[in-house]
Amino acid sequence: MYTSWCEERCTSVSGGRRNSKRVDLHSWLCISLLFLALWGQASPQCPDSCHCAWDTATVLCSDAGLREIPEGIPPETVSLHLERNYIRNIPESAFSDLVHLRDLYLSHNRIDSLSSGALRHLGPELRLLDLSHNQLRQTSREEFGSTRAKTRLYHNPWHCDCALQELMETLNLEPETVNGIICESSVRGVGEGSRWEDPGSQGEHAGQPLVKLLDSGVNFCSLQRKTTDVAMLVTMFVWFFMVIVYVVYYVRQNQAEARRHLEYLKSLPSPRKTPTETDTLSTGF
C-alpha cells in the first residue's frame, strides 16, 4: 500500500512541479515510507501468543497456554521462555535452528518424554537448560546430546535406574538444585535383597535424593551388569547341556543301530555244504 501510494505521489509531483522545495519534501517522504515498508517486510516475526524483545533477542512465551513448542521462533533468539504452559513432549527438531540460544526455560510444564536427540541440536553457546517441575520419569544421555549447559532437573517424578545414574554423571547439573532430584521409584541394587520386587512397589530408595544415594555407594548399574553376566552364564550352560544331550543321543543311536545289525546277521541261515564239496575234502585226506 505504501509503495503504490509513494509511486502515485512521486508521479504527480514530477508531472506538476511547482518548486524544488516541495519536490524534495515529497521525494524524502516517498523514500522514507518505502524504507519503512521494506523494513517491515524484512523484520523477523514473533510467534503467536509470544512477546519478542528484539533489543535483547528474548522470546517470552510464558503463561501462554501452549501445548507444544511454537513454530516460527526467530533464529537469532538468545533467551527463550516457555515456562508455565501445557507442553508434554519435545520433538527432535524443535530447537534445530536456534544456534545462538543461551537460555532455555521449560519449567512448570507437563513434559513426560523427550524425543531421541531432542536437545542434541542445541548449540555450544547454551548456558542454562531448565527442565524442572515437569513429569519426566526416565531419560538417557542420547536425548541430551553433548550439551554442557547448567541443567535443572529437580521436581520430576524420577525412576532411579542405571540410565539416570549415567545421565547424572554426564550432565553439568546446577549445584543448588541437584538435591531436588528425588527418586519417586527405583530398581534394586546389588546387595539389597531380592530383585524380584512387586511391580507396583516404588522400591526402597523412593523419596531419597539420587545424589546422596550415589554418594553412599548405591550403584544402579551394578545390577544390570550382574544380570547380564548371569544371563551369559545361563546361556552357556544351556548350550553346553544341549551339546552333551546331542552327543549322548548320537552314541545311543549308533549303539542301537549296531545291535539291530548284529541281530539281523544272527538271524540269517548258515550256508550248507554240498555233496561235491564233501567228497573233495575226503579225497584230499
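Reading the values: rules and limits
- Numbers given for residues are sequential positions, taken from 1 along each chain in its written order.
- Residue-level local features of this predicted model are given only where pLDDT is at least 70; pairs of side-chain atoms are given and counted only at 80 or more, and the full residue set underlies all totals for whole chains, interfaces and linings.
- By convention in this description, side-chain values take in all heavy atoms of the structure and omit both hydrogens and water.
- Criterion for a disulfide: a pair of cysteine sulfur atoms at a distance within 2.5 Å.
- Every helix listed is a DSSP run of H or I at least four residues long, and every strand listed is a run of E at least two residues long, numbered separately from the N terminus.
- As used in this structure description, the phrase polar contact means that two N or O atoms lie within 3.5 Å; if the pair is within protein, one of them must be able to donate a hydrogen and the other to accept it, and residues adjacent in sequence are counted only when both atoms belong to side chains.
- In this analysis, two residues are considered to be in contact whenever any of their non-hydrogen atoms come within 4.5 Å of each other.
- The pairing criterion is simple: DSSP has to find at least two bridges between the two strands.

A. Molecular detail of the state of the cysteines. Applying the stated criterion to the full structure yields 4 disulfides. Linked covalently through their sulfurs, Cys50 and Cys61 form a disulfide whose S-S length is 2.0 Å. For the disulfide bridge between Cys50 and Cys61, the dihedral angle about the S-S bond is near 110 degrees, and by the sign convention the bridge is right-handed. Here Cys50 is found in the loop between α2 (20–42) and β1 (51–53), whereas its partner Cys61 is found in the loop between β2 (58–60) and β3 (79–81), with 11 residues between them in sequence. Numbered by order of appearance in the sequence, the disulfide-linked cysteines of the chain pair as 1-3, 2-4, 5-7, 6-8.

B. Seen up close, the side chain of Asn85. Mapping Asn85 onto the fold places it in the loop between β3 and β4 (89–90). A distance of 3.0 Å separates a polar atom in the side chain of Asn85 from the backbone nitrogen of Ala64. A distance of 2.9 Å separates a polar side-chain atom of Asn85 from the backbone nitrogen of Gly65. Beyond its immediate chain neighbours, meaning those up to four positions away, Asn85 contacts Cys61, Ser62, Asp63, Ala64, Gly65, Leu66, His108 and Asn109.

C. Representation of the sheet that holds strand β7 (residues 128–130) within the structure. If you trace the 7 strands from one edge of the open sheet to the other, you get β1-β2-β3-β5-β7-β8-β10, paired in mixed fashion. Of all strands in the sheet, those bounded by a partner on one side alone are β1 and β10 (172–173). Relative to β2, β1 runs antiparallel, the two being bridged by 3 bridges. Across the sheet, residue Ala53 finds its bridge partner in β2, namely Thr58.

The values are spatial; any link to function lies outside them.
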